[in-house]
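# Descriptive structure summary
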Amino acid sequence: MSESGLEKPSAMPSKQELLSALIQVEKKLALGLRTTHGSYILFITLMSFSNFYPSNSGFKLWLVKIFPLLIFIPGFIKKKYRTYSWLCFAILPYFIWIIPLLMGRGNWSDWVMTFLIVTLFISSMMTSRWMQQQSYLGWQISNTPSN
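The sections below set out a description of the structure shown in this document. (Residues numbered from 1 in each chain as written. Predicted model: local features only at pLDDT ≥ 70, side-chain atom pairs only at ≥ 80, totals over all residues. Heavy atoms only, no water.)

## Description of the nonpolar core
Ranked by internal contacts, the top residues of the largest apolar core, which has 29 residues, are F43, M47, L69, L87, I91 and Y94. Counting only elements with at least two residues in this core, the list comes to α1 (15-52), α2 (59-70), α4 (81-90), α5 (92-104) and α6 (108-142). It is α1 that contributes the most residues to this core, ten residues altogether. The residues touching Y94, leaving out its near neighbours within four places in the chain, are F43, M47, K65, P68, L69 and I117. (Core = buried A, V, L, I, M, F, W, Y, C linked by side-chain atoms within 4.5 Å. Buried < 20%, exposed > 50% of the residue type's maximum accessible area, 1.4 Å probe, protein only. Helix = DSSP H or I, 4+ residues; strand = E, 2+ residues; numbered from the N terminus. Contact = heavy atoms within 4.5 Å.)

Structure follows, in C-alpha cells:
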C-alpha cells in the first residue's frame, strides 16, 4: 500500500491470462446453452402434452400458450445474448400462471413445469451473462498488444 492508503492499480492482464479466462467462460457458456435449450424444449413439450392430452383444450389455446416462447428461436440460432435476457422476462408470466395450479392441484406436471421454468430462468440469465463476457474477452484479446 502506498502512503495515501490506496493500493497500486494492477497491470493489464496478459494475452495468456485473457485466453485462459476465455476458455473458462466458454466452458460455462456451453453448459448454459445446453441447460437453457434443454429446459426450453422440455417445457414446451410438457406444456403441449398437458394442453392436448387430458383436457383436449384445442389448437388456439395451445398457440396462445406457445407463441410467446417460439419467437425466441431465431435469437437462439443467431446466438444473441439479448434473446436470453428477454427470455427471462418472457417466462415470468408462465411462472405466475403455474404457481396457483401447483398450490391448488399439485400434479406432477405442475411440479416439473415449475422446476423447468426456474431452471430456464436461471440458465438463460447466466447464459446471457457468459455470452457478454465471451464477447468482451474476445474484444480484449484482439486489442491487447503482443509482447
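## Comments concerning the side chain of T114
With respect to the element layout, T114 can be found in helix α6. Residue T114 is classed as buried on the basis of its relative accessible area of 11%. At 2.8 Å, the side chain of T114 and the backbone oxygen of D110 are in polar contact. (Polar contact = N/O pair within 3.5 Å; in protein donor to acceptor, adjacent residues only side chain to side chain.)

## Examining the pattern of salt bridges
Following the criterion strictly, the structure yields one salt bridge and no others. D110 is the salt-bridge partner of R105, the closest N and O atoms lying 2.8 Å from each other. Given the relative accessible area of 48%, R105 is considered partly exposed. (Salt bridge = Lys/Arg side-chain N within 4 Å of Asp/Glu carboxyl O.)

## Here's the deal with α4
Taken residue by residue, α4 has T83, Y84, L87, C88 and A90 as its buried positions. In a view along the axis of α4, the buried residues occupy a sector of 165 degrees, so they form one face of it. Exposed side chains of α4 directed beyond 90 degrees from the buried face belong to R82, W86 and F89. If you follow the buried residues of α4, they end up packed against α1, α2, α3 (73-78), α5 and α6. (Arc of directions from axis to C-beta.)

## Structural notes on the packing of aromatic side chains
All told, the structure shown has six aromatic pairs when counted by the stated rule. Ring geometry for F43 versus Y94: centroids 5.6 Å apart, planes at 90 degrees, classification edge-to-face. Here the residue F43 occupies a position in helix α1, and Y94 occupies one in helix α5, the gap between them amounting to 51 residues. Residue F43 shares its accessibility class with Y94, and that shared class is buried. Between Y136 and W139, the ring centres sit 5.9 Å apart and the planes meet at 20 degrees, which makes this aromatic pair stacked. Placement of both Y136 and W139 in helix α6 is noted, with a separation of three residues, approximately one turn of the helix. Following the ring pairs from residue to residue traces out a cluster consisting of Y40, F76 and Y84. (Phe/Tyr/Trp six-rings, centres within 6.5 Å; stacked < 30°, edge-to-face > 60°.)

## Remarks on the packing of α4 against α6
For the pair α4 and α6, the least separation of the axes is 8 Å and the interaxial angle reads 155 degrees. Of the possible angle classes, the one that applies to α4 and α6 is roughly antiparallel. For the crossing formed where α4 meets α6, the hand is left-handed. From α4, Y81, Y84, S85, L87 and C88 reach across to α6, where they touch L120, F121, S124, M125, T127, S128, M131 and Q132. Partitioned by chemical class, the residues of the contact of α4 with α6 number eight nonpolar, five polar and no charged. (Axes fitted to C-alpha atoms, helices over the stretch in contact; angles between N-to-C directions. Parallel < 35°, antiparallel > 145°, perpendicular 65-115°, else oblique. Left-handed = near helix turned anticlockwise from the far one by under 90°. Nonpolar A, V, L, I, M, F, W, Y, C, P; charged D, E, K, R; others polar.)

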